[in-house]
Structure formats: C-alpha cells, structure tokens
Amino acid sequence: MVVLLEPTPSDFPGAPGRQGPGRLSFSGSCRSGAPSEPTRSPDMTATAAEKTGARTEDAADLITGARERIDALDDRIIGLVQERMAVSAVIQQTRIASGGRRVNLSREMDVLSHYRDALGRPGTALAMTLLELCRGRV
Ligand SMILES: O=C(O)C(=O)C[C@]1(C(=O)O)C=C[C@@H](O)C=C1
C-alpha cells in the first residue's frame, strides 16, 4: 500500500498556520507483519511518520493530534508557572519589606509534600524546580 498526501503551498516545517500531519508517505503492505519504514519525500521534507515515529497513517494522525493537545497544555502550564512566580514574588517582597527573609523553609516543606503526595517522588523534584523558579537558588 502506498499513501501519499501532497503538500499544500505552506506545507513545510515552521510555516505559519501549518496544521495537520503534512506530507505523508507510507509504503508497504497493510496485511503482512510490521509496515516498512516510511520513505523520505524527494524534497527531504520529514514525513508525518518520521516526525511521530509511527508506522501507520492512523497512528501518525492520532499522535499529531495528541501532540497539538500537549502543546496547548504546555502553554497553559507555562502560563500558570508564570502566574505562580508573580504571586510568590509579592509574598517574598512583602516579607522582606517587613524585615523578614526571602525564604520560608516550613512553607517550602508544605509545598514539597503537596506535590509529593499528588505525584510521588518526581513531584518533589517538580516542586523543587518550581520553588527555584519562584525564589531563585538558595
Ligand atoms: O509562601 C511563601 O511564604 C512564599 O514565599 C512563597 C514560596 C513559594 O514560591 O511557594 C517562595 C519562597 C518561600 O521560601 C516559600 C514559598
């Protein structure tokens, strides 16, 4: 089986507004065992299969759509981290202006526990990274 989706004029990596799986080139039988490696298109544009690591068109389409959702989630996560940094900065500035210290270790223990309880050991590492983003290195 050979499936070819010809590119649109803006169908190259990095093109503004580029959407969907783009140029797709699969070859090989659908019925016999594992499909063969996708072939590189003549203009050296990466195929959807090459970009996703998938071995079927259906899998490449699913992965491409799921990656768009992940990119959107990552944008939201980054926005929330930036919001957290701003709120944390207000707390720290207020404490320092009142004569206190930037860091409050007992509160940091609570934050670490919160993330560890929700996400396990990697949650602790994530919380430590968030704290470093919010108050710098100690
Ligand atoms: O909750 C506070 O007291 C903060 O200053 C915020 C925060 C945080 O980003 O979570 C930052 C620094 C402190 O060491 C503890 C926690």
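See above for the structure.
Structural notes, computed from the coordinates. For every chain, the first residue of the written sequence is number 1, and numbering continues from 1 along that sequence. Local features are withheld for residues below a pLDDT of 70 in this predicted model, meaning they are given only at 70 or higher, and side-chain atom pairs are given and counted only at 80 or more; totals for whole chains, interfaces and linings count all residues. The basis for every side-chain value is the complete set of heavy atoms in the structure, and neither hydrogens nor water enter the calculation.

1. A few points about the site of the ligand
One heavy atom suffices: a residue is near a molecule or strand as soon as one of its heavy atoms comes within 4 Å of it. Around the ligand sit 13 residues in total, of which Arg84, Ser88, Arg95, Asn104 and Glu108 are the nearest. For the ligand, an oxygen atom lies 2.8 Å from a polar atom in the side chain of Arg84. Here the ligand loses 93% of its free accessible area of 360 Å² to cover by the protein chains. Counting from the N terminus, the helices are DSSP H or I runs at least four residues long and the strands are E runs at least two residues long. Of all elements in the fold, only α2 (57-97), α3 (105-119) and α4 (121-135) reach the threshold of two or more residues within the shell around the ligand. Per element, the largest residue contribution to the shell around the ligand is five residues, and it comes from α2. The residue inventory of the shell around the ligand, partitioned by class, reads five nonpolar, three polar and five charged. Whenever a nitrogen or oxygen atom comes within 3.5 Å of another N or O atom, the pair is scored as a polar contact, on the condition that within protein one atom can donate a hydrogen and the other can accept it, and that pairs from neighbouring residues in sequence are kept only if both atoms are in side chains. In this description, accessible areas are obtained by the Shrake-Rupley approach with a 1.4 Å probe, and a residue is regarded as covered only by the protein chains that are shown. Three classes are used: nonpolar for Ala, Val, Leu, Ile, Met, Phe, Trp, Tyr, Cys and Pro, charged for Asp, Glu, Lys and Arg, and polar for all others, with Gly counted as polar.

2. A short note on a negative patch on the surface
Only residues above 30% relative accessible area that lack a salt bridge enter a patch, with like-charged residues linked at up to 9 Å and the nonpolar side chains Val, Leu, Ile, Met, Phe, Trp and Tyr linked at up to 5 Å. Any carboxyl oxygen of Asp or Glu within 4 Å of a side-chain nitrogen of Lys or Arg constitutes a salt bridge here. The sign given to each residue is positive for Lys and Arg and negative for Asp and Glu; His and the chain ends receive no count. Where a charge sits is defined by one atom per residue type, namely NZ (Lys), CZ (Arg), CG (Asp) or CD (Glu). Taken together, the side chains of Glu68, Asp71, Asp74 and Asp75 make up a negatively charged region of the molecular surface. By secondary structure assignment, the location of Glu68 is in helix α2. Note on classification: 1.4 Å probe, protein chains only; a residue is buried when its accessible area is under 20% of the maximum for its type, exposed when over 50%, partly exposed between these limits. Among the residues examined, Glu68 registers a relative accessible area of 44% and is labelled partly exposed.

3. Quick notes on the packing of α2 against α4
Angles shown run from 0 to 180 degrees and are taken between the N-to-C directions of axes, each axis being a line fitted to C-alpha atoms and, for helices, limited to the stretch in contact. The contact between α2 and α4 brings their axes to 8 Å, and the two run at 55 degrees. Judged by the inter-axis angle, α2 sits oblique to α4. Here α2 runs over α4; the crossing is right-handed. Contacts between α2 and α4 involve Val81, Arg84, Met85, Ser88 and Gln92 from the former and Leu130, Leu131, Leu133, Cys134 and Arg135 from the latter. Class assignment for the residues of the contact of α2 with α4 results in six nonpolar, two polar and two charged. Angular relationships are summarised with four words: roughly parallel below 35 degrees, roughly antiparallel beyond 145, roughly perpendicular across 65 to 115, and oblique for the angles in between. In this scheme, a crossing is called left-handed if the near helix is turned counterclockwise away from the far one by less than a right angle; it is called right-handed if the turn is clockwise. Here, two residues are considered to be in contact whenever any of their heavy atoms come within 4.5 Å of each other.

4. Some remarks on the packing of α3 against α4
Contact pair α3 / α4: the axes reach a minimum separation of 7 Å and the direction vectors enclose 140 degrees. Remark: the crossing between α3 and α4 carries right-handed chirality. For the pair α3 and α4, contact is made by Glu108, Val111, Leu112, Tyr115, Arg116 and Leu119 and by Arg121, Pro122, Gly123, Thr124, Leu126, Ala127, Met128, Leu130, Leu131 and Arg135, respectively.

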